[in-house]
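# Fold and contact review
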Amino acid sequence: METDAAAAAGAGAENGAAKPKPNWLSKIQEGGIKKPPKDVLKRRRNFRLGRMVAPKQPMVALQELIRQEDITFESYISDPMSRLWKIGAMYDGQKFEGVGPTKNIARNICCENVLQYIAFKACEKDSSSEMPKGSQGEEHKPWTALASVALFKMFNDWAAQGALVPPELMKTVAPPANNAAAAGAMEADAGGAAPGQPQMMPAMAPWAAGGRPGGAPQMSWTGVPQFGGGQKPAKQKKPRGPAANGDGAAEKPLPADAATKHPVAVLNEMLGAQTFDFTQDGAPPNHVYICTVNVNGTVYTGSAKSKKEAKKMCAKDAMLKIYNIACA
């Protein structure tokens, strides 16, 4: 029976009989199935790309690339002088560092340095191995993670320049289930937002060097010179004056010859270098110089025909009222 059917089919083909067309081909030719317009295809492509390369902080992108046990973070170190935070990490036998004004920024810079190391190593691996080429080629380079971090930094650049970035652009896609807990713990420890929430960070300049192996300069967080192109924040000046106790007496002992020394020298010795301000009252030759000095919010004054003498009288006034010493 099967032989007869095959022979009949062959005879029909020889006689020029057309084969039956598939249903989907018939519908396309009859106009039953229409291709989506180009703008619809473009919007669908935008949706797929938005899911693949959603902006992510470096710490989130890194957690999606490597296992949690492959990287070890050190404890944060705070510098009281510069008011910066520093954190180190060990990955693949290499030491990485991140420095920033907050824990979150310091950790992100450290993770970004690790991500850069992974990308460079992937380039070396691809160039040394014989991977299939063509449309079905393979690569080790983490393009998705790099694009997500690049978008995140670009949007932060816009925000640093004063642009109001829509929150829809900064919404991140939740990390995979196996890394979601690790990413959430890292961001909570660093003071960041939870995964899936808008992630905005202040712009940072490249403060520290040597964040990567070999002492290479550390990468700028956004590229916007928010602090003068790498300048550290200005240190807050400490108020000058005696560390007074309840009755106003200074804790530092007065020198034995305080009454016979120059009052300006004694005042600077006790309180540190003081800033004296001068004003002129009247017109020459009948003018008088008035000198003032501010010590812990209290202003002391002195006046004389010359600035040198006015400064001495001002210091005498301060010594008398602060230490009850009448200097010569």
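Model, not experiment: these values are computed from the prediction. (Residues numbered from 1 in each chain as written. Predicted model: local features only at pLDDT ≥ 70, side-chain atom pairs only at ≥ 80, totals over all residues. Heavy atoms only, no water.)

### A closer look at the overall build of the chain
For clarity, the threshold we go by: Each helix is a run of H or I in the DSSP string that is no shorter than four residues. Each strand is a run of E no shorter than two, and both are numbered from the N terminus. Under the scheme applied here, a residue whose accessible area is under 20% of the maximum for its type counts as buried, over 50% as exposed, and between as partly exposed, the area being computed with a 1.4 Å probe on protein chains only. In what follows, a contact means two residues having at least one pair of non-hydrogen atoms within 4.5 Å.
Secondary structure summary: the chain contains ten helices and seven strands in total. In the chain, buried positions account for 32% of the 328 residues. Of all intrachain contacts in the chain linking residues separated by at least 6 positions in sequence, the fraction that spans at least 24 positions is 51%.

### Quick look at the packing of helix α4 (residues 58-65) against helix α6 (residues 143-160)
To keep things clear, this is the line we draw: Helix axes use the C-alpha atoms of the stretch in contact, all axes being lines fitted to C-alpha atoms, and the angles between their N-to-C directions lie in the range 0 to 180 degrees. An angle below 35 degrees is read as roughly parallel, one above 145 as roughly antiparallel, one from 65 to 115 as roughly perpendicular, and any other as oblique. Throughout this entry, Asp, Glu, Lys and Arg are counted as charged residues, while Ala, Val, Leu, Ile, Met, Phe, Trp, Tyr, Cys and Pro are counted as nonpolar. The remaining residues, Gly among them, count as polar.
Where α4 meets α6, the closest approach of the two axes is 9 Å, and the angle between their N-to-C directions is 170°. Overall, the two elements α4 and α6 adopt an arrangement that is roughly antiparallel. Residues Pro 58, Ala 61 and Leu 65 of α4 lie in contact with α6, whose contacting residues are Ala 145, Val 149 and Phe 152. For the contact of α4 with α6, the per-class residue count stands at six nonpolar, no polar and no charged.

### A short note on helix α9 (residues 263-271)
Here is the rule: Summarising the geometry, the arc corresponds to the directions from the helix axis toward the C-beta atoms.
All buried positions along α9 are accounted for by Pro 263, Val 264, Val 266, Leu 267, Met 270 and Leu 271. Viewed end-on, α9 has its buried residues packed into an arc of 165°, placing them on one side of the element. Tucked into the core, α9 has its buried residues touching β5 (276-281), β6 (288-295) and α10 (307-323). Once α9 finishes, Gly 272 follows within two positions and takes phi at roughly 90°, a positive value.

### Quick word on the pairing of strand β7 (residues 298-304)
So the rule is basically this: Should DSSP find at least two bridges between two strands, the strands are taken to pair.
Here β6 pairs with β7 via seven bridges, running antiparallel. Counted as the bridge partner of Val 293 is Tyr 300 from β7. What sits between β6 and β7 in their antiparallel hairpin is a turn of two residues, with Asn 296 showing a positive phi close to 55°.

### Looking at the packing of α4 against helix α5 (residues 103-128)
Under the convention used in this document: Should the near helix be turned anticlockwise from the far one by less than a right angle, the crossing is termed left-handed; should it be turned clockwise, right-handed.
Their axes nearest at 8 Å, the elements α4 and α5 cross at an angle of 45°. The angle between α4 and α5 places the two elements in the oblique class. Along this stretch, α4 crosses α5, giving a crossing that reads as left-handed. Where α4 abuts α5, its residues Pro 58, Met 59, Leu 62 and Leu 65 lie against Asn 104, Arg 107, Asn 108, Cys 111, Glu 112, Val 114, Leu 115 and Ile 118. Of the residues that constitute the contact of α4 with α5, the class distribution is eight nonpolar, two polar and two charged.

### Re a positive patch on the surface
To keep it simple, the criterion reads: Residues forming no salt bridge and having over 30% relative accessible area are the ones grouped into patches, like charges within 9 Å of each other and nonpolar side chains (Val, Leu, Ile, Met, Phe, Trp, Tyr) within 5 Å. Method for areas: the Shrake-Rupley scheme with a 1.4 Å probe, in which residue coverage is limited to the protein chains shown. Basic side-chain nitrogens of Lys or Arg form a salt bridge, by our definition, when they fall within 4 Å of a carboxyl oxygen of Asp or Glu. As used throughout, the charge tally considers Lys and Arg to be positive and Asp and Glu to be negative, leaving His and the chain termini uncounted. Where a charge lies is defined by one atom per residue type, namely NZ (Lys), CZ (Arg), CG (Asp) and CD (Glu).
A contiguous patch of positive charge on the surface is contributed by Lys 42, Arg 44, Arg 45 and Arg 48. By the element assignment, Arg 45 lies in helix α3 (residues 38-52). You can call Arg 45 partly exposed: its relative accessible area is 41%.

### Focus: the environment of Ala 106
Tracing the chain through its elements places Ala 106 in helix α5. Taking C-alpha positions, Ala 106 is 8.5 Å from Leu 84, a pair spaced 22 residues apart along the chain. Excluding residues that lie within four positions of it along the chain, Ala 106 makes contacts with Trp 85, Ile 87, Gly 98, Val 99 and Gly 100.

### Concerning the sheet that holds β7
The strand order across the open sheet built from three strands is β5-β6-β7, with neighbouring strands paired in antiparallel fashion. In the strand order of this sheet, the two ends are held by β5 and β7, each with one partner. Each neighbouring strand pair of the sheet contributes to a mean axis angle of 25°, computed without reference to strand direction.

### Considerations on unusual backbone geometry
Unlike most non-glycine residues, Arg 83 shows phi in positive territory, near 60°. Residue placement: Arg 83 occurs in the loop between β2 (77-79) and β3 (84-91). Taking the relative accessible area as the measure of exposure, Arg 83 reaches 46% and is therefore partly exposed. In this structure, Asn 324 takes a positive phi of about 60° despite not being glycine.

### A look at a nonpolar patch on the surface
A contiguous nonpolar surface patch, about 240 Å² in accessible area, is contributed by Met 154, Trp 158 and Leu 169. On the accessibility criterion, Leu 169 (34% relative accessible area) is partly exposed.

The values reported here are purely geometric and, on their own, carry no functional implication.
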